[in-house]
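What the coordinates show
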There are 2 protein chains.
Amino acid sequence: MEKRISRIEKLNGIKNSKKVDAFLFTSASSVKYFSGYFFYFEYGSSPFQLVPAVLMVVPGLDATLILADNEAGQSSSVDPDIEVHLYESYTYEKAPDPAGACMERIRTFIRKNKLESAAIGVEINSLPFIVSKTLQEEFPFIEWVDIAAEIDVLKSVKDPDEIEFIRAAARLADVGQQAVLKYACDGMTELELFSLAHRDMESVTGYRVPLMADLSSGVGTSSGGGMPTNKKIKTGDLILSDFTPCMNGYWGDSCNTMVVGEPTADQRRTFLFVGEALHMAIEKIKPGVQASSLDRLMRAHIGGYPHHGGHGVGTLYHESPRIVDYNDTVLVPDMVIALEPAIYKESYGIRLEHLVRVTKTGSEILTKFQHQFER
Amino acid sequence: MEKRISRIEKLNGIKNSKKVDAFLFTSASSVKYFSGYFFYFEYGSSPFQLVPAVLMVVPGLDATLILADNEAGQSSSVDPDIEVHLYESYTYEKAPDPAGACMERIRTFIRKNKLESAAIGVEINSLPFIVSKTLQEEFPFIEWVDIAAEIDVLKSVKDPDEIEFIRAAARLADVGQQAVLKYACDGMTELELFSLAHRDMESVTGYRVPLMADLSSGVGTSSGGGMPTNKKIKTGDLILSDFTPCMNGYWGDSCNTMVVGEPTADQRRTFLFVGEALHMAIEKIKPGVQASSLDRLMRAHIGGYPHHGGHGVGTLYHESPRIVDYNDTVLVPDMVIALEPAIYKESYGIRLEHLVRVTKTGSEILTKFQHQFER
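Let us look at the structure shown here. Computed from a predicted structure; not experimentally measured. (Residues numbered from 1 in each chain as written. Chains lettered and ligands numbered in written order. Predicted model: local features only at pLDDT ≥ 70, side-chain atom pairs only at ≥ 80, totals over all residues. Heavy atoms only, no water.)

Thoughts on empty space enclosed by the protein
On inspection of all chains with the given rule, the structure shows two cavities of 30 Å³ or more. Each pocket or cavity is described by its volume, and for the largest cavity that value is around 70 Å³. Surrounding the largest cavity, Phe 194, Ser 195, His 198 and Glu 202 of chain A together with Phe 194, Ser 195, His 198, Arg 199 and Glu 202 of chain B form its lining. Of all the secondary structure elements, the ones that give two or more residues to the lining of the largest cavity are α7 (190-205) of chain A together with α7 (190-205) of chain B. With five residues, α7 of chain B is the single largest residue contributor to the lining of the largest cavity. The class makeup of the residues in the lining of the largest cavity is two nonpolar, four polar and three charged. (1 Å grid on protein atoms, 1.4 Å probe; cavity = no way out; pocket = protein on both sides within 12 Å on 5 of 7 lines; lining within 4 Å. Points joined across faces, edges and corners; volume = space filled by probe spheres on them. Helix = DSSP H or I, 4+ residues; strand = E, 2+ residues; numbered from the N terminus. Nonpolar A, V, L, I, M, F, W, Y, C, P; charged D, E, K, R; others polar.)

As for the interface of chain A and chain B
With 57 residues of chain A at the contact, the number on the chain B side is 58 residues. In this assembly, chain A packs against chain B so that about 4900 Å² is buried in total across both faces, 62% of it on carbon and sulfur atoms. Viewed at the interface, chain B and chain A are joined by zero salt bridges. Here chain A is connected to chain B by 12 residue pairs in polar contact (both at pLDDT 80 or more). Top contributing element to the side of chain A that touches chain B by residue count: α7 of chain A, with seven residues. (Contact = heavy atoms within 4.5 Å. Buried area = accessible area lost by both parts, 1.4 Å probe. Salt bridge = Lys/Arg side-chain N within 4 Å of Asp/Glu carboxyl O. Polar contact = N/O pair within 3.5 Å; in protein donor to acceptor, adjacent residues only side chain to side chain.)

Description of the sheet that holds strand β13 (residues 336-339) of chain A
Residue and element names in this part refer to chain A. Reading across the sheet, the five strands line up as β12-β11-β13-β16-β17 and stay open at both edges, with antiparallel pairing between neighbours. Each edge of the open sheet is held by one strand with a lone partner, namely β12 (319-323) and β17 (363-365). Between one strand axis and the next, the sheet turns through 25° on average, direction left out of account. Pairing of strand β16 (residues 354-358) with β17, which is carried by three bridges, proceeds in the antiparallel orientation. Bridging from a neighbouring strand, Val 358 pairs with Ser 363 of β17. This element, helix α8 (residues 265-284), spans β13, β16 and β17 of the sheet and lies at about 10° to β16. (Pairing = 2+ DSSP bridges. Axes fitted to C-alpha atoms, helices over the stretch in contact; angles between N-to-C directions.)

Some details on unusual backbone geometry
Both trends apply: most residues other than glycine have a negative phi, and most peptide bonds are in trans. Residue and element names in this part refer to chain A. A cis geometry characterises the amide bond from Ser 320 onward to Pro 321, with omega recorded as 0°. One can find Pro 321 in strand β12. Look at Asn 248: it is not a glycine, yet its phi comes out positive at around 55°.

Here's the deal with the pattern of salt bridges
For the coordinates displayed, the defined rule picks out 56 salt bridges over all chains. For Asp 214 of chain A, the salt bridge is made with Arg 351 of chain A, and the minimal N-O distance between the two is 3.0 Å. Here Asp 214 of chain A is found in strand β7 (residues 211-217), whereas its partner Arg 351 of chain A is found in strand β15 (residues 349-351), with 137 residues between them in sequence. By relative accessible area, which is 4% here, Arg 351 of chain A ends up buried. Residue Arg 357 of chain B is joined to Glu 364 of chain B by a salt bridge in which the shortest nitrogen-to-oxygen separation is 2.8 Å. (Buried < 20%, exposed > 50% of the residue type's maximum accessible area, 1.4 Å probe, protein only.)

Description of the environment of Glu 123 of chain A
All names here are of chain A. Mapped onto the elements, Glu 123 comes out in the loop between β5 (119-122) and α4 (129-138). Of the residues examined, Glu 123 reaches a relative accessible area of 7% and is grouped as buried. With 96 residues separating them along the chain, Glu 123 and Ser 27 place their C-alpha atoms 7.3 Å apart. Ignoring sequence-local partners within four residues, the contact set of Glu 123 consists of Leu 24, Phe 25, Thr 26, Ser 27, Ser 30, Asp 146, Ile 147 and Ile 151. Among the polar contacts listed, one links the side chain of Glu 123 to the backbone nitrogen of Thr 26, at a separation of 3.5 Å. A polar side-chain atom of Glu 123 sits 3.1 Å from a polar atom in the side chain of Ser 27.

Dropping the structure here:
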């Protein structure tokens, strides 16, 4: 894997364009993006921390990650250029005050860097009121500037190390698709099949893998999927499996649709038709192409689907650029996008998805699993 | 299962004591507690919503749940006395603005209920800055009052329907413990064992189960556990399994420690000793007893452990009352507490945990799995 690249320097552009002096990040996605720190979120956030982590940055001068001490063990992936300041989040010996302890660290950063009357860029959707309220009261001259839109644009073009992280997560999605092809059989429940696919992914990483997934069988595929249930798979059922695993804070994404047993001629044709739309779009990808044109191309070919044609993937499973009719964003090298055309009929649905990197001259498919309808 | 009880009326007490006119809840735990709405969080929150849900309440007059429309399918558990207002969170046809759409619903509620100069109770740890900032600018006469501590106390005593929800979640923990006893064997990895236990829980519910878990083997048990890894279980290993599953927004919790093969005499004695501490504390539970005394009793019996003696369980996996030396909260009927004494030695550790309800005269153990060391 390539060397970790410091993305902190990229904040200089936003510092100038938004006229801010410093940044305070509280979204898990941005904290991951700028610091490398990944919070393991599969069972929700801990009652012993205010937010998983706070990243404060004065570009060129100071970058500090403020972390609950019960998260210290998860901090191995933090960029070595970033200082980690732990705060006491919980002890059985006295009453915990994680919010107060975290605020004290934030205050210290502000005073140390003389930000008492600075403009500070924040993500207003994720910043908790306790932080803004306390700081507004204590530092009434600080100006708070929302920089979420600028961060969104920044994230859409990936660094080499990010491509490698996404490649690793895409491989997990591949492993899941192989597992479905291998294990799906008459009498098995959707949840049992899901469990085997998830297990196979986790045997690759050696740790738990957060996994968003549609795994539907039979008529359930006609509405595009849904979470797996106790429904038993039957011979003749189609299985739609859309796996979106998270590995170290970066997401993969792929979707296949297969049949248990023999498909009808109509199903077989539909599978090929959806694949055709997908690969027509992939072949069209290159720098200078508008996101919207990919969606229009696929939609025109197969007659539409009631969802987006795709989306960016990175530290969020859906991010910019969205592959939709209203988004004329121009593709540039190292954007990573998932394309997922589909046809939903009354009794079944077929969706096929690849994760693709925009290259200097075209594209590279990051999901290596070849869509396969029949075994 | 017993009828859903409206907990909204309980807000009258806080309304009077904190002198507030209305409430705005944004934490998943409080939204679940007061409205019944459960957000499925296992893969993090959606980029198409500001927060999973916002609950606004004027006690006796209006209770409205503001929900992203992509969450509408998850709203079946909402208390019928609560109005559900959906906002457009994402469409592939035009650019999404979930935060703006959600704010518009919040504004409408404020105007409709004439709260322009009211005092509104909020949870300042979870309320996003965008909500507070927008409202502060548009309604400068609203006073924002943090009521998190009062809500915490309210939640610690459970209603009959909550006891049933927790009982169901405790059953899932039992199923996990049975699975470990049944499947653990030489050569299996911790992750494979975890996968089977998780699968068995999900076969009971018929849907995915968020699951916090320690599952450690061998010397890994000596530090109290940790997430499962690719480490292979060997004959003679102890396995510490602490399962905290979430079912419909309520958590269960239990821990067992077992041995694969034959234990040493010292291990066998230690298992019995920890079980003795646990049951001494359970037998002491009744209304009027202080939380701290349970911790002290267990700690004195087995000589201490480097964590709390237990904690409340409900819509959070750790909540009040904490079973720690510094917490003199007096137990009252229908508190639900987990007790988890442990002994950690150099080469192994044993922790045993039950989930217990305080009754009028004593206690009822909600986790039915009998701790078992050997097969």
